[in-house]
Amino acid sequence: MDQLLNDFSPGLFFMQAVILLILIVLMVKFAWKPIMNALTEREEGIQSALDAAEAAKKEMQNLQADNDRLLKEARAERDSMLKEAREIKDKIVADAKQEASEEASKLIENAKVTIEQEKQAALAHVKKQVAELSIGIAQTIVKKELASQDNQIELVEGMLEEVTLN
């Protein structure tokens with residue numbers, strides 16, 4: 001350090017100070033504005049990039065919200081279609097059951113009518129046979145000469161024994 005103090009020259013110091021001041025003035029005059037402009041442009045570029053990134057983020061959020069909304073709508077539509085399909089299926093099954101029930105009722109009614117007709121036919125046939133038997137008995141009685149009441153009773157009882165009704 002002693003050597004620095006010994007080599008110190010005030011004229012040299014003064015000249016270096018003046019050159020430094022001139023250099024600073026020249027830097028301020030010619031270089032400071034372009035450097036500041038470049039820094040300002042850089043800052044504005046960074047800010048615009050941040051703004052663009054923020055806008056892109058908002059756009060992505062909007063797209064995500066739209067996607068979520070569309071997905072919910074699609075799910076709701078799918079659920080609606082499934083519900084409608086179930087309702088249609090249930091209606092078809094109910095209609096088929098109703099139709100089968102009506103058809104079964106018709107068949108039962110037709111069977112009852114047929115049974116009643118057969119019953120009436122059977123009764124008519126039995127009545128016809130009874131009438132024929134009665135006529136036959138009457139003819140037999142008339143043909144025979146019945147002298148006494150005892151013969152008549154005996155004849156009727158004998159004929160009744162011969163006739164068997166089912």
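Definitions and cut-offs
Residues numbered from 1 in each chain as written. Predicted model: local features only at pLDDT ≥ 70, side-chain atom pairs only at ≥ 80, totals over all residues. Heavy atoms only, no water. Helix = DSSP H or I, 4+ residues; strand = E, 2+ residues; numbered from the N terminus. Rg over C-alpha atoms; globule rule 2.2 N^0.38 Å. Buried < 20%, exposed > 50% of the residue type's maximum accessible area, 1.4 Å probe, protein only. Lys, Arg positive; Asp, Glu negative; His and termini not counted. Charge placed at Lys NZ, Arg CZ, Asp CG, Glu CD. Patch = residues over 30% accessible without salt bridge, like charges linked within 9 Å, V, L, I, M, F, W, Y side chains within 5 Å. Areas by Shrake-Rupley, 256 points an atom, 1.4 Å probe, with all protein chains shown as cover. Salt bridge = Lys/Arg side-chain N within 4 Å of Asp/Glu carboxyl O. pLDDT = per-residue confidence, 0-100.

We now examine the overall build of the protein. Along the backbone of the protein there are three helices and zero strands. For the protein, the N- to C-terminal ordering of α and β elements is α-α-α. Its C-alpha atoms give the protein a radius of gyration of 64 Å, clearly above 15 Å, the size a compact globule of 166 residues would have. Projected onto its principal axes, the C-alpha coordinates of the protein cover approximately 195 × 35 × 15 Å. Sorting the 166 residues of the protein into buried and exposed places 1% on the buried side. Counting 21 positive and 30 negative side-chain charges, the protein places the centres of these two groups 4 Å from one another.

Before going further, it helps to examine a nonpolar patch on the surface. A cluster of nonpolar side chains, namely Leu20, Leu21, Leu23, Ile24, Met27, Val28, Trp32, Ile35, Met36 and Leu39, defines an oily patch on the protein surface of about 980 Å² accessible area. Here Met36 is to be found in helix α2 (residues 10-143).

So, on to the confidence of the model for the protein. The predicted model of the protein has a mean per-residue pLDDT of 86, with 91% of residues at 70 or higher. Per-element averaging of pLDDT across the protein places helix α1 (residues 2-7) at the bottom with 71 and α2 at the top with 90.

Take the pattern of salt bridges next. Tallying each qualifying case throughout the model produces five salt bridges. Between Arg69 and Glu73 there is a salt bridge, with the nearest N and O atoms lying 3.0 Å from each other. Within this pair, Arg69 and its partner Glu73 are both found in helix α2, separated by four residues, close to a single helical turn. One salt bridge in this structure joins Arg78 and Asp79, with 3.1 Å as the shortest N-O distance. Residue Arg78 is classed as partly exposed on the basis of its relative accessible area of 46%. Judged by its relative accessible area of 41%, Asp79 is partly exposed. By sharing partners, the salt bridges in this structure join Asp66, Arg69 and Glu73 into a single network.

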